[in-house]
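# Architecture and fold: a report
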Amino acid sequence: MSERRFGAPSSVTVAAPNNFHETEWSELLSLKDTPALNQITALICEIFDVPLSFVSVIAGDRHVYLSAKGLAKPLDALGQVPLNHSFSQHVVTSNRLLQVNDARQSTLGADDLAIGGREVKAYLGTPVRDSDGFVLGCLCAIDSKPRKWAARDIKVLEGFSAAITTQLQRERAVNALSQSHGQLAVQETRLKRITNMAPVMIAALSTDLFYTFANKSYAALFDETPETILGLHLREVLGEEAILLADPYLQKALAGQSTEYDFELPRSDGSSRIFRIHHAPELNPDNKTQGLVVALTDVTDQRLLSSLASRLEDRLKAAYQMSPDGFSVFKSQRNQKNEIVDFEWEYVNERGTEITGHSAANLIGNTLLTMMPGNKTQGIFDAYVDVVNTGLPYRETAFYEADGLSLWVEISAIKLGDGFAVSYSDVTARKQTEIALAENAVRLQLILDNVVAFVGVLTPEGILKKANQPALDIAGVSRADVIGKPFWETHWWNFSDESKTRLKQAIADANDGIRSRYDTQVQIHNGEKIWIDFQLSPRFDSHGTLVEIIPSGMDITERKEAEAHRQLLVDELNHRVKNSLASIQAMARQTIRTAKDLHSFETKFTDRLKAISTAHEILMGSDNAKADLRTMIDRQVGPYIEDKRHLKITGDKAMLAAECAHNIGLVFHELATNAAKYGALSSDRGCVKISSEDLGDGTVKIVWSETGGPPVSAPSATGFGSRLIKQSIEFSLGGSVDVDYRAEGVVATVILPKDFDHG
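What counts and how
- Residue numbering note: each chain is counted from 1, following its sequence as written.
- Predicted model: local features are reported for residues with pLDDT of at least 70 only, side-chain atom pairs are reported and counted for 80 or more only, and whole-chain, interface and lining totals are derived from all residues.
- The side-chain values count all of the structure's non-hydrogen atoms but skip hydrogen atoms and water molecules.
- For two strands to be treated as a pair, DSSP must find no fewer than two bridges joining them.
- Numbering of helices and strands starts at the N terminus; helices are DSSP runs of H or I of at least 4 residues and strands are runs of E of at least 2.
- In this analysis an axis means a line fitted to C-alpha atoms, helices contributing only their contacting stretch, and an angle means the value between N-to-C directions, from 0 to 180 degrees.
- Only Phe, Tyr and Trp rings take part, Trp by its six-membered ring, and two of them pair if their centres are within 6.5 Å. Stacked means planes under 30 degrees apart, edge-to-face means over 60, and tilted covers everything else.
- Three exposure classes are used, based on accessible area relative to the maximum for each residue type with a 1.4 Å probe and protein chains only: buried under 20%, partly exposed in between, and exposed over 50%.
- A positively charged side chain is recorded as over a ring if its NZ (Lys) or CZ (Arg) lies within 6 Å of the ring centre. The angle to the ring normal must also be within 35 degrees.
- In this text, buried Ala, Val, Leu, Ile, Met, Phe, Trp, Tyr and Cys residues form a nonpolar core when linked through side-chain atoms within 4.5 Å.
- In this description, contact between two residues means that some pair of their heavy atoms is separated by no more than 4.5 Å.
- The disulfide definition used here is simple: a pair of cysteine sulfur atoms within 2.5 Å.

## Focus on the sheet that holds strand E14 (residues 340-348)
- The strand order across the open sheet formed by five strands is E14-E13-E17-E16-E15, and the pairing between neighbours is antiparallel. Each end of this open sheet is capped by a strand with a single partner; those strands are E14 and strand E15 (394-402). Adjacent strand axes in the sheet meet at a mean angle of 35° when their direction is disregarded.
- Looking at chain direction, strand E13 (residues 326-334) and strand E17 (residues 419-426) are connected through six bridges and run antiparallel. Bridge pairing in E17 links Phe 330 to Phe 420.

Dropping the structure here:
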């Protein structure tokens, strides 16, 4: 048979530049002509004894070569060619290995333009995928004469394809780590340099090259601790020769330019390691260099690629050994029903032994569930089974707490024959950083939610981004109800066009850098309104750009009510003076009509004035005094009574605190004045009945009932007297009052606390 395709056809996504995020495409192209890929294509030519091997990625209708051995001119210089009529096109579109023993008998790609005119007689190609299963391109071996490809050839080629996937994954990991460094730098002041937890070697230098910080791994590299290295000069740590080599890069960094270079560092034990050193300027708010941040990455293992062992297995293992991640290869163990029951360890790299806590001798030949049964209980084993059965890759970050381990691990597994290859990284430090950031955000939110004031955050356009819990609770809304909406359309403001207009203007002023502060009403639950002292404060970044607006408010409802009550008392004083004068005039007219002579008029009129004076004395008595309710009624109503038959007092005896006595005195005064002017006390047949009942819960019920007077009807409008009665009982004392204007006479029912203390 001239050609064979391995594996069932599958739906495939062919990656192209426009399918990638810019960073991912850059990561892929960064592998072009790297020593690792060039070594792989050279090894394939050597091992298979073929003239041509290449690794390519597919971009639309083109081949883009990442590495090629034996490619004819001018294609080796162009680096890309059309995809038309190539065997590699079928590998990519079918997403499976293609074996062509004799191209003369194949119609798939006899005129293979992708290799520039070399005669193709035999072809073996396999897809190259990323860790998420996307097909990037292919890896192939091409012979100029027919040949029968062996099963070992297929396994070798697939192994090299897996190595390329690992190389790309490592490149992404390096980029991700670089991004993490940038985030940690931004959060430096808030996280208190928690880089000490990270496995990356990091240090900070002053502008005169003295150490101001070093994490544990950096200090340990020079046989120091983070404490002992502080204050040392870089020359004392690296030595004179190293300083001379590093000086050009240090000067560029001090001038504000990031630099990167590789450096071989001798160790105290006589060995040496190669490090990739990155210098970045640390800038102050004025954008001036105030120090340097130094990051070291051990790239020694990457340099070991050129020393792959003579046998393929050893060479592959060496490639995996250079990985900073753990790497293992497993083959399936199946029962009689062909079900996977376990996986046998075939290979583990050095980092893998460090992470698992087992030596390679103990792992290889043993099974996964024997050595690490926690994989079953935590569901990872079942995921590996799915990888083998479905061919789909598995990627997960999980907390592994079993088998004596307690760490966060990032796992990436792909199918390899009847088994799988898995890369795993200890990302505990990174996760702890993420958790610390999340906890910090929660802590800040808790602080915000426990502030009594109403606080939020707006975008410059006035869209609500955050609101603290007190603001939500008092309005009876959730964050989902208000976040993302224009602030003026939220529950607090949407009750009034006037409030919304003023708020919009304040937001516009904030965009001009103006802070606003004013008293206003907002809506809370059940449509109620409260007064707040409201502020809008703009916040700018270091470049003077408005980044957000901070709204805040303090509940000043009690203050506003106190101001209203104070005005009420002033109005009441004016009203009482007028009523007192009217009452005195009425008493004078009534007394002069019934007096026989001037002497009797003087006597009666004086007595009534004294009664009113006595009532006022009771009202204005000591704050600590108690007043007898019956006495208060008698003295307050008495001056308006010509005949004792016109007043009947019944019920329980009650002693009232000074403030209660004062306010109920105002009520009795108002009721008596109205009765004398318009009610029962304005008629000779009229009578006022006052009853009191101790309710036993600290309150007393008082009923004022008029009969025998002129017919009564409810007033068309609420006058000051009615407001005074309601305010005196309900606002001042927290009691209740009900005035019923019955035709036969007014009935007022009052319930108030006996010992009310406003303090």
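Next comes the rest of the description.
## A closer look at the packing of aromatic side chains
- Evaluated as defined, the whole model comprises 19 aromatic pairs.
- With a centroid separation of 4.9 Å and 20° between ring planes, the pair formed by Phe 330 and Phe 420 is classed as stacked. In this pair, Phe 330 is assigned in strand E13 and Phe 420 in strand E17, connecting sequence segments 90 residues apart.
- Take Phe 330: its relative accessible area is 3%, and that puts it in the buried class.
- For Phe 420, a relative accessible area of 0% puts it in the buried group.
- Joined through ring pairs, the aromatic side chains of Phe 330, Phe 343, Trp 345, Phe 381, Tyr 384, Tyr 394 and Phe 420 make up one cluster.
- Over the ring of Trp 408 we find Lys 431, and its NZ or CZ is 4.6 Å from the ring centre.
- Over the face of the ring belonging to Trp 531 we find Lys 560, whose NZ or CZ atom lies 4.6 Å from the ring centre.

## Quick notes on the nonpolar core
- Of all hydrophobic cores here, the largest spans 32 residues; its most connected members are Ile 664 and Trp 704.
- For this core, the secondary-structure elements that each account for two or more residues are helix H23 (629-637), helix H24 (658-677), strand E26 (687-694), strand E27 (699-707), helix H25 (720-733) and strand E29 (745-753).
- In terms of residue count, H24 provides more of this core than any other element does, eight residues in total.
- For Ile 664, the contacting residues outside a window of four places in its chain are Leu 656, Ile 702, Ile 729, Val 750 and Leu 752.
- Core analysis: the second largest hydrophobic core is formed by 29 residues, Val 50, Ala 59, Leu 97 and Val 156 among them.

## Quick look at the state of the cysteines
- Tallied over the entire structure, the rule returns zero disulfides.
- Here Cys 138 is not cross-linked by a disulfide; its sulfur's nearest cysteine counterpart is in Cys 140, at 5.0 Å.

## Section: the pairing of E15
- As paired elements, E15 and strand E16 (residues 405-415) share nine bridges and run antiparallel to each other. Considered in E16, the bridge of Thr 397 is made with Glu 410.
- From the end of E15 to the start of E16, which pair antiparallel, there are two residues, and Asp 403 there has a positive phi angle of about 55°.

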